[in-house]
Amino acid sequence: MNKPLECIFPNPPTGVDPTLLDVDAVPRHVAVIMDGNGRWAKERGKNRLFGHKAGIDAVRETIRCASDLGVRYLTIYSFSSENWKRPQDEVIGLMNLFATTMLAEVDGLHEEHVRVMTIGRVDALPKKTRDAFAKAWEKTKDNDGMTLVVAVNYGGRQELLDALSSYMDDVHAALREGRAPEELSEEVLVRHLYTADIPDPDLLIRTSGEMRVSNFLLWQIAYSEFVCTEVLWPDFNRYELLRALLEFQGRDRRFGAVK
Ligand code: IPE
Ligand code: IPE
Ligand code: MG
């Protein structure tokens with residue numbers, strides 16, 4: 001942990017007690033499906049983009065809190081491979097929001113020693129958005145603090161297809177050079193995933209009450225603990241993260257064995 005608990009959680013609401021957190025058992029990797037921005041905006045009579053903009057504050061607070069608690073990897077689902085189906089003005093608005101937010105936040109993230117990376121088919125993003133993520137990666141790549149993994153134009157099925165096709169490239173190269181191709185195993189496949197160097201998530205949080213995975217990290221969440229909250233993403237904050245962490249710490253992870 002990088003800060004005392006009372007500094008990270010200065011004003012806990014009734015019902016959430018930060019002192020119950022076992023600071024030595026914070027999950028190494030937390031993944032978040034940030035959902036509910038559209039409904040949050042609708043409740044206020046605003047357009048969907050208003051909700052996405054409000055969601056940025058929740059992202060900032062979640063990153064800061066996770067980093068302060070010593071979480072090593074935080075993966076945020078920002079845009080799925082299916083989100084292109086949304087109205088064009090929403091998609092364009094989101095792409096612009098990613099670019100401006102990344103450029104505005106990168107210095108602050110760098111000061112916190114956060115390392116920023118992306119997973120997903122980033123090449124298909126508009127140039128401005130791609131460049132902003134590339135700049136954030138370039139600036140922060142040597143940082144040794146928390147790794148922030150932004151899943152953008154990410155689909156779990158696409159990732160598996162890309163991994164298999166990258167494996168097949170290796171097989172064909174080996175055959176061309178007269179070598180025996182590497183046999184396919186879990187370890188080999190994992191090396192071809194976008195998340196090759198990242199441990200699987202211990203905790204997967206989804207906001208807005210939806211109980212589905214929506215094509216997120218299909219391979220990696222095989223044994224992740226799933227915490228679902230009714231809170232809409234723009235209302236998520238450090239205390240909601242704390243609630244999820246406390247619930248996680250109360251779980252019994254068996255990985256198929258008997259305890
Ligand atoms: C999540 O909020 C953000 C993205 C998918 C980009 P939504 O936009 O899905 O909000 P709801 O689910 O419609 O409320
Ligand atoms: C999942 O949310 C994708 C992101 C949070 C980026 P969606 O709102 O797209 O998922 P569905 O459509 O409800 O399954
Ligand atoms: Mg949604």
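These lines cover the structure that appears in this document, whether it is placed above or below.

For the rest of this paragraph, the subject is the overall build of the protein. Tallying secondary structure elements over the protein gives eight helices and six strands in all. When the helices and strands of the protein are read in sequence order from the N terminus, they spell out α-β-α-α-β-α-β-α-β-α-α-β-β-α. Here the C-alpha atoms of the protein give a radius of gyration of 19 Å, agreeing with the 18 Å that 2.2 N^0.38 yields for 259 residues. Projected onto the principal axes, the alpha-carbon positions of the protein cover approximately 65 × 50 × 35 Å. Burial analysis of the protein (259 residues in total) assigns 48% to the buried set. When the accessible surface of the protein is split by element, carbon and sulfur atoms take 51% of a total near 13500 Å². Here the protein contributes 33 positively and 40 negatively charged side chains, and the mean placements of these two sets differ by 5 Å.

Take the site of ligand 2 next. The immediate surroundings of ligand 2 are formed by Ile 33, Met 34, Asp 35, Tyr 77, Ser 78, Phe 79, Asn 83, Arg 86, Arg 206, Arg 212 and Ser 214. Between an oxygen atom of ligand 2 and a side-chain N or O atom of Arg 212, the distance comes to 2.8 Å. A distance of 2.6 Å separates an oxygen atom of ligand 2 from a polar side-chain atom of Ser 214. Protein chains shield 78% of the accessible area of ligand 2, which is 390 Å² for the free molecule. Among the detected pockets, ligand 2 sits in the largest pocket. A total of three residues in the shell around ligand 2 trace back to one element, the largest contributor, which is strand E2 (residues 73-80).

Bringing the site of ligand 1 into the picture now. Lining the immediate surroundings of ligand 1 are Met 34, Asp 35, Gly 36, Asn 37, Gly 38, Arg 39, Arg 48, His 52, Ser 78, Asn 83, Arg 86 and Leu 94. One of the side-chain nitrogen or oxygen atoms of Arg 48 is found 2.7 Å away from an oxygen atom of ligand 1. Within the contact set of ligand 1, an oxygen atom lies 2.7 Å away from a side-chain nitrogen or oxygen of Arg 86. Relative to its unbound accessible surface of 380 Å², ligand 1 loses 87% to contact with the protein. Taking a 2 Å distance to the grid points as the criterion, the majority of the atoms of ligand 1 fall inside the largest pocket. Counting only elements with at least two residues in the shell around ligand 1, the list comes to helix H2 (37-43) and helix H3 (48-69). When residues in the shell around ligand 1 are grouped by element, the largest group, three residues, is from H2. Residues that form the shell around ligand 1 fall into these classes: two nonpolar, six polar and four charged.

With that out of the way, let us pick up the sheet that holds strand E4 (residues 147-154). Pairing is parallel across the open sheet formed by six strands, whose spatial order is E3-E4-E2-E1-E5-E6. A single partner strand is all that each edge strand has here, and the edge strands are strand E3 (115-119) and strand E6 (225-228). Ignoring strand direction, the axes of neighbouring strands in this sheet form an average angle of 20 degrees.

Inspection of the sheet shows E3 paired to E4 by five bridges, in the parallel sense. Bridge pairing in E4 places Ile 119 opposite Ala 151. Between the parallel elements E3 and E4, the chain passes through helix H5 (residues 127-140) in a crossover that is left-handed.

Our focus in this paragraph is the layout of surface pockets. Size it by volume and the largest pocket reaches roughly 1000 Å³. Residue lining of the largest pocket: 46 residues in total, with Met 34, Asn 37, Val 59, Tyr 77 and Ser 78 positioned closest to the centre. Top contributing element to the lining of the largest pocket by residue count: H3, with ten residues. Split by residue class, the lining of the largest pocket holds 18 nonpolar, 13 polar and 15 charged.

Cut-offs used in this document
Residues numbered from 1 in each chain as written. Chains lettered and ligands numbered in written order. Predicted model: local features only at pLDDT ≥ 70, side-chain atom pairs only at ≥ 80, totals over all residues. Heavy atoms only, no water. Helix = DSSP H or I, 4+ residues; strand = E, 2+ residues; numbered from the N terminus. Rg over C-alpha atoms; globule rule 2.2 N^0.38 Å. Buried < 20%, exposed > 50% of the residue type's maximum accessible area, 1.4 Å probe, protein only. Areas by Shrake-Rupley, 256 points an atom, 1.4 Å probe, with all protein chains shown as cover. Lys, Arg positive; Asp, Glu negative; His and termini not counted. Charge placed at Lys NZ, Arg CZ, Asp CG, Glu CD. Near = heavy atom within 4 Å. Polar contact = N/O pair within 3.5 Å; in protein donor to acceptor, adjacent residues only side chain to side chain. 1 Å grid on protein atoms, 1.4 Å probe; cavity = no way out; pocket = protein on both sides within 12 Å on 5 of 7 lines; lining within 4 Å. Sits in = over half its atoms within 2 Å of the grid points. Nonpolar A, V, L, I, M, F, W, Y, C, P; charged D, E, K, R; others polar. Pairing = 2+ DSSP bridges. Axes fitted to C-alpha atoms, helices over the stretch in contact; angles between N-to-C directions. Right-handed = clockwise from strand over helix to strand, strands pointing away. Points joined across faces, edges and corners; volume = space filled by probe spheres on them.

Limitation: the analysis is restricted to geometry and does not speak to function.
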